[in-house]
Amino acid sequence: MGKRWTGWGYASLPKLDYRSDALVQEIYGGEDSIVRHWLKAPWNMDGWRLDVVHMLGEAGGAKNNLKHVAGITQAAKAERPDAYVLGEHFGDARQWLQQDAEDAAMNYRGFTFPLWGFSSQYRYLLRSAKNRRPDLRSLDGRVSCWAVAPAAATDV
């Protein structure tokens, strides 16, 4: 069904191979699949969050990823039409969203890269201000940056 993947140094992290029809049936293809099971009574889950979904696939990689992610979503919707499927990605998720393979996506890089850019510019400005104003030299740029980020986000 799968093999151990130690790419991140965790020998116990399973890497499932979706070439296996038995695995596909167990995860999402069958009437009593894992995806469908938890959406039924008595659990009645609202949907699924698919962790690092862009890495799901065949042959130890992400081959046919879109096909399997769409299959998971279709199974969820067949069981519960209002089920919500959220995919976690570390990059651009438009491919999944534009083909209705997911309802929504979490894109960590899409969030963190702009924040890091803002943070680095803020630290540069703070460092420049500290050079001009000795009374600001005791400020910690990292703490100040996080204090400013929420305020800046509300001004958009």
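Note that the structure is predicted; figures quoted are calculated from it, not measured.

The rules behind the values
- Residues numbered from 1 in each chain as written.
- Predicted model: local features only at pLDDT ≥ 70, side-chain atom pairs only at ≥ 80, totals over all residues.
- Heavy atoms only, no water.
- Buried < 20%, exposed > 50% of the residue type's maximum accessible area, 1.4 Å probe, protein only.
- Helix = DSSP H or I, 4+ residues; strand = E, 2+ residues; numbered from the N terminus.
- Arc of directions from axis to C-beta.
- Contact = heavy atoms within 4.5 Å.
- Core = buried A, V, L, I, M, F, W, Y, C linked by side-chain atoms within 4.5 Å.
- 1 Å grid on protein atoms, 1.4 Å probe; cavity = no way out; pocket = protein on both sides within 12 Å on 5 of 7 lines; lining within 4 Å.
- Points joined across faces, edges and corners; volume = space filled by probe spheres on them.
- Nonpolar A, V, L, I, M, F, W, Y, C, P; charged D, E, K, R; others polar.

Asker: Let's hear about helix α1 (residues 21-29): which residues, and what values?
Answerer: Along α1, the residues that are buried comprise Leu23, Val24, Ile27 and Tyr28. Looking straight down α1, one finds its buried side chains confined to an arc of 95°; they lie on one side. Those residues of α1 that are buried are in contact with β2 (14-16), α2 (34-37) and α3 (65-79).

Asker: Explain the nonpolar core to me, and be specific about the residues and the numbers.
Answerer: Tyr18, Tyr28, Val35, Leu50, Val69 and Ala76 are the most contacted members of the largest nonpolar core, which has 21 residues in total. Secondary-structure elements contributing two or more residues to this core are α1, β3 (47-50) and α3. Apart from the residues within four sequence positions on either side, Ala76 is in contact with Val35, Leu39, Trp48, Ala83 and Val85.

Asker: Tell me about the layout of surface pockets, and name the residues and values.
Answerer: One number sums up the size of the largest pocket: a volume of about 600 Å³. Pro14, Tyr18, Asp51, Val52 and Leu56 are the residues nearest the centre of the largest pocket, which is lined by 22 residues in total. Mapped onto the lining of the largest pocket, the elements with two or more residues apiece are β2, α2 and β3. In the lining of the largest pocket, the residues fall into 17 nonpolar, 2 polar and 3 charged.

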